[in-house]
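# Structural overview
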Amino acid sequence: MLDRQILKALLQDARVSWKELAEEAGVSAPTVRDRVRRLQDLGVVQGFTVELAPTALGYTLEAVVRFRPLPGKRHILEQEIQLTERIVQCDKVTGEDGFVARILLKTIEELDPLLERFSRMATTHTSVVKSSPVRMRPPPF
């Protein structure tokens, strides 16, 4: 129960102080600190991050791209995906498509040149994201 309270509070604001966490949970600050460290040691908490707003950085579009590697090009494709900064997330998947990636764009005109980089190693299928009713969220706990 205490761990869940702590995790929920940290998901709301990872910068919350030990004192504030302790007050919310009804325990001492050292107890909260020790519990968070234990959760880190167990691998439940893997880090504390900053969430950036892509639109505030000028990225007005997001695209989902499915990459189908050409024969013998899977490893080269994976390396190129890793080197492409505009790809902000990518999963290696089962099925005919080897990878599914999310790309940030400032304008739609940026899409074709970006995808052209991959034409010698994969075919692509692209969808532009209209909205995201569910963003990446933590699993239930």
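Thresholds, definitions, all that
- Residues numbered from 1 in each chain as written.
- Predicted model: local features only at pLDDT ≥ 70, side-chain atom pairs only at ≥ 80, totals over all residues.
- Heavy atoms only, no water.
- Helix = DSSP H or I, 4+ residues; strand = E, 2+ residues; numbered from the N terminus.
- Rg over C-alpha atoms; globule rule 2.2 N^0.38 Å.
- Buried < 20%, exposed > 50% of the residue type's maximum accessible area, 1.4 Å probe, protein only.
- Phe/Tyr/Trp six-rings, centres within 6.5 Å; stacked < 30°, edge-to-face > 60°.
- Lys NZ or Arg CZ within 6 Å of the ring centre and 35° of its normal.
- Salt bridge = Lys/Arg side-chain N within 4 Å of Asp/Glu carboxyl O.
- Expected span 1.5 Å × (residues − 1).
- Arc of directions from axis to C-beta.
- Contact = heavy atoms within 4.5 Å.

### Comments concerning the overall build of the chain
- Along the chain, the regular secondary structure elements total five helices and four strands.
- Starting at the N terminus and walking to the C terminus, you meet the elements of the chain as α-α-α-β-α-β-β-α-β.
- Against the compact-globule benchmark of 14 Å for 141 residues, the chain has a radius of gyration of 20 Å, which places it well outside the compact range.
- Expressed as a percentage of its 141 residues, the buried residues of the chain come to 27%.

### Overview of the packing of aromatic side chains
- By the definition in use, this model includes one aromatic pair.
- Above the ring of Tyr59, the side-chain terminus of Lys106 is found at 5.2 Å from the ring centroid.

### Section: the pattern of salt bridges
- Counted by the stated rule, this structure contains 11 salt bridges.
- We note a salt bridge from Glu62 to Arg102, for which the minimum N-O separation is 2.5 Å. In this pair, Glu62 is assigned in strand β1 (residues 61-69) and Arg102 in strand β3 (residues 99-105), connecting sequence segments 40 residues apart.
- When its relative accessible area of 24% is taken as the criterion, Arg102 is described as partly exposed.
- Close ionic contact of Arg117 with Glu80 constitutes a salt bridge, the shortest N to O distance being 2.5 Å. With Arg117 in the loop between α5 (111-116) and β4 (122-128) and Glu80 in helix α4 (residues 74-83), this pair connects stretches of sequence that are 37 residues apart.
- Classification of Arg117 as partly exposed rests on a relative accessible area of 34%.
- Exposure remark for Glu80: the relative accessible area of 17% places this residue in the buried category.
- Counted as one network, the salt bridges with shared partners bring together Arg66, Arg68, Glu96 and Asp97.

### Let's talk about helix α3 (residues 29-41)
- Between its first and last C-alpha, α3 extends 18 Å over 13 residues, near the 18 Å set by a 1.5 Å rise per residue.
- Every buried residue of α3 is listed here: Val32, Val36 and Leu39. Projected onto a plane normal to the axis of α3, the buried residues spread over an arc of 60° and lie on a single side.
- Of the surrounding elements, those touching the buried residues of α3 are α1 (2-12) and α2 (18-25).
- With its phi angle positive at about 85°, Gly43 sits one or two positions after the end of α3.

In short, shape yes, function no, at least from these values alone.
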